[in-house]
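Take a look at the letters that make up each chain.
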Amino acid sequence: MHKCLKSLCQNGLALLAFVLMVSCEESTAPVQVVLETELGAITVEVYPAQAPKSAGDFLRYVDKGLFDEGGFYRVVRPDNDNGDPLISVIQGGLLEGQEGLAPIPLEPTSLTGLRHRDGTISLGREEPDTGSAAGFFIVIGDQPSLDEGGMRNTDGLGFAAFGQVIGGMEIVRAINAMQGDAPTDDPYVKGQILADPVTFTAKRVSP
């Protein structure tokens, strides 16, 4: 092969390898999303490298604009919690009447290495593999009962943490302090549903 052509091929392959490496790094780099509420902005950082399914699901909702009419609708604190052990969280996502995407497989904390600490964002679920960003929650205070092995969910598999609030925890706490006085037929969430959800829009700010 001609020396110039050989050099061009080698350089081209090296460039391609570099582009693929950068693309791979970008696809798993932490992503920041701003939830702009009527009370102020909540900035969350999600971790596709540690929790690719859960973080990816949340980002799909953001990128498709499905949260453009989303809201925080449920507040759980020790004084109104009907579960065990007691926790403090706010839950949000799609509001009643909005259609979500298909649920995803559960990514337990033993797999991701993430834990439910103050400001952690995680996917709500009922049975395993029914979680979805259509109903996510943000933790107030460290909540180990939500990790795998914790017994907030009786199956002991915990919930899928996928990110962390890095700005606006005062907004999260302000929402958590609201009174959940909307009527409900479900005794488990009695006293937790906001009559007027705190609406938000969501957008990526990086990358």
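Note that the structure is predicted; figures quoted are calculated from it, not measured.

1. Notes on the sheet that holds strand β5 (residues 120–123)
And step 1. As summarised here, the arrangement of the 8 strands in space is β1-β2-β7-β5-β6-β4-β3-β8, forming a closed barrel in which the pairing is antiparallel. Mean inter-strand twist for the sheet, computed between neighbouring axes without regard to direction, equals 35°.
And step 2. With 3 bridges connecting them, β5 and strand β6 (residues 135–139) associate as antiparallel partners. Its bridge partner lying in β6, Ile-121 is registered against Ile-138.

2. Considering helix α2 (residues 52–63)
Turn by turn, an α-helix covers 3.6 residues, leaving residues three or four places apart pointing in a common direction.
And step 1. With 12 residues, α2 should reach 16 Å at 1.5 Å per residue; the first-to-last C-alpha distance of 15 Å fits that figure.
And step 2. Those residues of α2 that sit buried are Ser-54, Ala-55, Gly-56, Asp-57, Phe-58, Leu-59, Tyr-61 and Val-62.
And step 3. Lining the buried residues of α2 we find β1 (31–37), β2 (40–46), β5, β6, β7 (160–167) and β8 (193–206).
And step 4. In the stretch just after α2, Gly-65 is the one whose phi turns positive, near 75°.

3. A look at the nonpolar core
And step 1. Judged by nonpolar contacts, the single largest core of 39 residues is most densely connected at Phe-58, Phe-67, Phe-72 and Phe-136.
And step 2. With 5 residues, the top contributor of residues to this core is α2.
And step 3. For Phe-58, the residues in contact, after removing those within four places along its chain, are Val-33, Leu-35, Val-44, Val-46, Phe-67, Ile-121, Ala-133, Phe-136 and Phe-162.

Reading guide: rules and limits
- Residues numbered from 1 in each chain as written.
- Predicted model: local features only at pLDDT ≥ 70, side-chain atom pairs only at ≥ 80, totals over all residues.
- Heavy atoms only, no water.
- Pairing = 2+ DSSP bridges.
- Helix = DSSP H or I, 4+ residues; strand = E, 2+ residues; numbered from the N terminus.
- Axes fitted to C-alpha atoms, helices over the stretch in contact; angles between N-to-C directions.
- Expected span 1.5 Å × (residues − 1).
- Buried < 20%, exposed > 50% of the residue type's maximum accessible area, 1.4 Å probe, protein only.
- Contact = heavy atoms within 4.5 Å.
- Core = buried A, V, L, I, M, F, W, Y, C linked by side-chain atoms within 4.5 Å.

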